[in-house]
Amino acid sequence: MALLMAVPVFVLGTLLILLLAQTLKLMPAGGFVPFWRDPGQHLLLLSLPALVIGKGLVAIVFRMTRASVLDILPRDHVRTARAKGLAEGRVLRAHVVRNAFGPVLTVLGLHMGALLGGTVLVEYVFNWPGLSTPLIRAVEGRDYPMVVGIVLTVSGLFLLINLVVDLLYAALDPRIRAG
Amino acid sequence: MRRLRPRLALPALLILSLVVIALAVPFLGLPNPVRQDIPNRLTGMAPGALLGRDEFGRDVLSRLLWGARISLFIAFTATTIAALAGTLLGLLGGWFRGMAEFLSIRLADVILCFPPILLALLVVTIMGPGVATLILMLSILYTPGFVRVAYGEVLSTRNQDFVTAMTALGATTPRILALTVLPNIASPLLVQYSLTLGAAIVVESGLSFLGLGVVPPTPSWGLMIRGARATMEQAPLLLLWPCLALTVTILAFNLLCDALRDAFDPKSAAGAGARPKPRLVDCLAPGLFPSRVDPGASLSVRGLTVEIDTKRGVIRPVDDVSFTIGAGETLAIVGESGSGKSVTVTGLMGLLPAAARPVAGEAVFEGHDLLRRSPDQLRALRGARLAMIPQDPMSSLNPVHKVGDQVVEAILAHRSITRPAARAEALALFRRVGIADPERRLDAWPHEMSGGMRQRVMIAMAIANRPALLIADEPTTALDVTMQAQILDLLADLRRETGSALIFITHSLGVVAEIADTVMVMYAGQVVEQGPVASVFAAPLHPYTAALLAAVPQDDAAPEPIPGAVPPPHQFPQGCRFAPRCGHALPPCGEAQPLRQFGNGREVRCARAGDLRFGRAAHDA
Ligand code: SF4
């Protein structure tokens, strides 16, 4: 887990290409095929970049869940649950994990920012024709309006994701729904 | 701080050696990292080029080490700038509040919300790539993190007693900040610093990899990976070395950060608890040597002692506590905060935190010793034969479940009936504890109810399985006066109806007379006096009991508060623990006092018991 957290996404991506595409020849090294032309190939090409980007999230979610659970564990209502004589598994499921979920979700939303940033690197590594190629070209060419445009687009996406997260959070926690 | 463990030493050593290498690179006599040697491009390991040569024939080992120098230089410089600027802004914002707070914290929030790589790319667009750009950009990127940490810590530190005291003594603000706040926030800042170093290296190498960070031909790990990608087929090792170097470096910083965090945070370092060992004789010949138990008693506790591992050593918040409570009786445990009342009962319920454990004594409940039951056996008793009403109904209900469901859950934990049947029972319980409109309330969320209502829910939950012993831990402290009276009446009624025994914990003697049969006064982890309520109240034997009684507001006498406070467990006096606050102390009080029988079921722990007389003549008149 610690190792997984330490590997930067572009290093992981590059090494995976080296291993799976170059050495084992299991997959193509990257590229893009439209979904409607070859769904299988599209998903195959999508899988590696998606996995690599997801790696950052795995680590974050792991950390946050742990911290959140440690924060909930000493709360009074957990003691109440134990005082009721609930089995430990049930205490954890219904009274710890359920409560710990909200903060995890929020942090997830906030880290979407880093994630969206990470896609720039990963798209570059896997030759995925997303926003990253024009972005990098624009930065290289000091094309200021283009860079600002792309940054604004991604920021908008980021805001949208966080809006969805807030709505989900409200669904999870009745206190927010009321307020 | 505690001694450095290997967890801290290993990453620290690794980072130290990296720094030393980075500093020493120019003196190692390595080949020039930027000198090209095209005829020898991509050659493997050879003398003169230990790790081979890259796509321009440059020496890979040399580039790797020079790359470390560049990466660490950028990371350390940027992080230090960010730490200084961020800490300063956070200190100012936290200390002066108002405008300074608004500017520094809002600004930090805005930057924190922005995807970091995008921000970085914006800066590169304006300034062009290069080391200076990287440092500037990373400093901006990581300042908010430090602002947040410093700000949060200042807020919590500035209200602490010693800071208030210094302010009152007229110390100037910079002096207070430098002397008290800085040392207090040093450890979280150090954690943040190590975290940021790792993050800075990730962003720097990522940008260099995109060709937007360090400008070639300057060696950098990110650039090396970028270059080696093109020749991946011919020379896969070229790719491997910088990837490895980068990953190991970041790993070392992350591990250091984790270890620092754990070393500074006492919460995560609590030791695991152990239960008292079963008596050997009980294992060999159960029942042959029965412990001293009152046969008719619902609960009989003998010599209960609880220890907690803390940073300052092992403390004993509960020391040799004994009491007996018969079926249907009510025992009041009285004492100020910190006297060990709550720890005593949480110990009996088996709900002590992991660092605390009962180390001696026994607690026989319905024929079994609670302290030596397995966790599963205890669980089967808890909420069924043995139930608890907590102190704070606000936090004791789970905010994300409906209150009815939480009561149903308590019923289903111990009885195999259907959910609808349990729900019907919950409804009846709600009615019994006086919750208005119970059908609708079953589906209410905790935050929709008042404190009194929530405490009624907690009581409904506690009596759901008709317990033989109900433990109420200061059940009315968090409520207003009217509510208190109602809840007390409810408890008294319930006890009469169900015939269950009740342990009632309180720090005020006012309610004891109304509800309890016997009273046990605790001070600093020990029982100092116990006996029937009427006789203890009429003629207390211990100065502490007398002081508690005098502190109860009466119509005709002003309450006299007890000067001083209960000492914390690591500072309990050697002799009588009440001596520092006792107005009757004599030389013999310096000895540890045993609990002595005093006839009439009364016990007292005082050298001068019997010789001192505390009447309640004034009150009785
Ligand atoms: S032993 Fe002495 S100091 Fe302690 S309560 Fe009794 S009189 Fe006071």
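Here the structure is shown first, and the text comes after it.
Please read all numbers here as calculations on a predicted model, not as lab measurements.

### Some thoughts on the overall build of chain A
Of regular secondary structure, chain A possesses eight helices and zero strands. The secondary structure elements of chain A, listed N-terminal to C-terminal, are α-α-α-α-α-α-α-α. Looking at the 179 residues of chain A, the share that counts as buried comes to 45%. If you take every contact in chain A between residues at least 6 apart in sequence, the share linking residues at least 24 apart comes to 59%. Summed over all atoms, the accessible surface of chain A reaches about 8900 Å², with 71% contributed by carbon and sulfur.

### Describing the packing of helix 14 (residues 403–412) of chain B against helix 15 (residues 419–432) of chain B
Packed helices, taken two at a time, are described by their axes: the angle between them and the distance between them. Residues and elements named next belong to chain B. Running from amino to carboxyl end, helix 14 crosses helix 15 at an angle of 115°, the nearest separation of the two axes being 9 Å. Looking at the two axes, helix 14 sits roughly perpendicular to helix 15. Here the hand of the crossing between helix 14 and helix 15 comes out right-handed. Within the contact between the two elements, helix 14 uses V403, G404, D405, V407, V408, I411 and L412 and helix 15 uses R419, A422, R423, E425, A426, L429 and F430. For the contact of helix 14 with helix 15, the per-class residue count stands at nine nonpolar, one polar and four charged.

### Quick look at the side chain of E204 of chain B
Residue and element names in this part refer to chain B. Counting through the fold element by element, E204 comes out in helix 7 (residues 173–209). Of the side chains bearing the opposite charge, R63 lies closest to the buried E204, which forms no salt bridge; the N-O distance is 11 Å. A polar atom in the side chain of E204 sits 3.5 Å from the side chain of S220. Setting aside residues up to four positions removed in sequence, E204 forms contacts with S71, I74, L134, L138, V214 and S220.

### Regarding helix 17 (residues 451–463) of chain B
The terminal C-alpha atoms of helix 17 of chain B, which comprises 13 residues, lie 18 Å apart, in line with the 18 Å expected from a rise of 1.5 Å per residue. Most of helix 17 of chain B sits out of view: 13 of its 13 residues are buried.

### As for the interface of chain B and chain A
Facing the 63 residues of chain B at the interface are 56 residues of chain A. For the pair chain B and chain A, the summed buried area comes to about 5200 Å², and 69% of that belongs to carbon and sulfur atoms. Together, L118, T125 and E409 of chain B form the three largest contributors to the area buried by chain B at its contact with chain A, with a combined 12%. Linking chain B with chain A are 19 residue pairs in polar contact (both at pLDDT 80 or more), by the criterion used here.

### Comments concerning the sheet that holds strand 8 (residues 501–506) of chain B
Strand pairing in a sheet relies on backbone hydrogen bonds. The paired strands run either parallel or antiparallel. Residues and elements named next belong to chain B. Across the sheet, which stays open at both edges, the eight strands sit in the order 6-7-8-3-9-10-12-11 with mixed pairing between neighbours. A single partner strand is all that each edge strand has here, and the edge strands are strand 6 (386–389) and strand 11 (596–597). Where strand 3 (residues 330–334) meets strand 8, five bridges bridge the pair, whose relative direction is parallel. In the strand pairing of strand 8, T330 is matched with L502.

### Some remarks on the packing of helix 7 (residues 144–172) of chain A against helix 4 (residues 116–127) of chain B
Contact geometry for helix 7 of chain A and helix 4 of chain B: axes closest at 10 Å, N-to-C directions at 170°. Overall, the two elements helix 7 of chain A and helix 4 of chain B adopt an arrangement that is roughly antiparallel. From helix 7 of chain A, Y144, V147, V148, V151 and V154 of chain A reach across to helix 4 of chain B, where they touch L118, L122, T125 and I126 of chain B. Looking at the contact of helix 7 of chain A with helix 4 of chain B residue by residue, the classes come out as eight nonpolar, one polar and no charged.

### Focus on the pattern of salt bridges
Residues and elements named next belong to chain B. Counted according to the given criterion, the structure contains 22 salt bridges over all chains. Its salt-bridge partner being E497, residue R432 comes within 2.6 Å of it at the nearest N-O pair. With R432 in helix 15 and E497 in helix 18 (residues 481–498), this residue pair connects regions lying 65 residues apart in the sequence. Note on R432: relative accessible area 30%, which makes it partly exposed. Relative accessible area serves as the criterion here: at 52%, E497 is assigned to the exposed category.

### Details of the site of the ligand
Every residue lining the ligand is accounted for by H542, P543, C576, F578, A579, C582, H584, A585, C589, C606, A607 and R608 of chain B. Of the residues belonging to the shell around the ligand, the class tally is nine nonpolar, two polar and one charged.

### Let's talk about the pairing of strand 7 (residues 469–473) of chain B
Side-chain direction in a regular strand flips from residue to residue, so the side chains alternate between the two faces of the sheet. All names here are of chain B. Counting buried positions along strand 7 gives five out of five residues, so the element sits mostly inside the fold. The alternating pattern of strand 7 places L469, I471 and D473 and L470 and A472 on opposite faces, both of which are buried. Relative to strand 7, strand 6 runs parallel, the two being bridged by four bridges. Bridge assignment links A387 to a residue of strand 7, and that residue is L470. Of the pairings in the sheet, the one linking strand 7 to strand 8 comprises five bridges and is parallel in character. Pairing of A472 across the sheet is with F504, part of strand 8. Handedness of the strand 7-helix 18-strand 8 crossover: right-handed.

Each value, and the rule that gives it
- Residues numbered from 1 in each chain as written.
- Chains lettered and ligands numbered in written order.
- Predicted model: local features only at pLDDT ≥ 70, side-chain atom pairs only at ≥ 80, totals over all residues.
- Heavy atoms only, no water.
- Helix = DSSP H or I, 4+ residues; strand = E, 2+ residues; numbered from the N terminus.
- Buried < 20%, exposed > 50% of the residue type's maximum accessible area, 1.4 Å probe, protein only.
- Contact = heavy atoms within 4.5 Å.
- Areas by Shrake-Rupley, 256 points an atom, 1.4 Å probe, with all protein chains shown as cover.
- Axes fitted to C-alpha atoms, helices over the stretch in contact; angles between N-to-C directions.
- Parallel < 35°, antiparallel > 145°, perpendicular 65-115°, else oblique.
- Left-handed = near helix turned anticlockwise from the far one by under 90°.
- Nonpolar A, V, L, I, M, F, W, Y, C, P; charged D, E, K, R; others polar.
- Lys, Arg positive; Asp, Glu negative; His and termini not counted.
- Salt bridge = Lys/Arg side-chain N within 4 Å of Asp/Glu carboxyl O.
- Polar contact = N/O pair within 3.5 Å; in protein donor to acceptor, adjacent residues only side chain to side chain.
- Expected span 1.5 Å × (residues − 1).
- Buried area = accessible area lost by both parts, 1.4 Å probe.
- Pairing = 2+ DSSP bridges.
- Near = heavy atom within 4 Å.
- Right-handed = clockwise from strand over helix to strand, strands pointing away.

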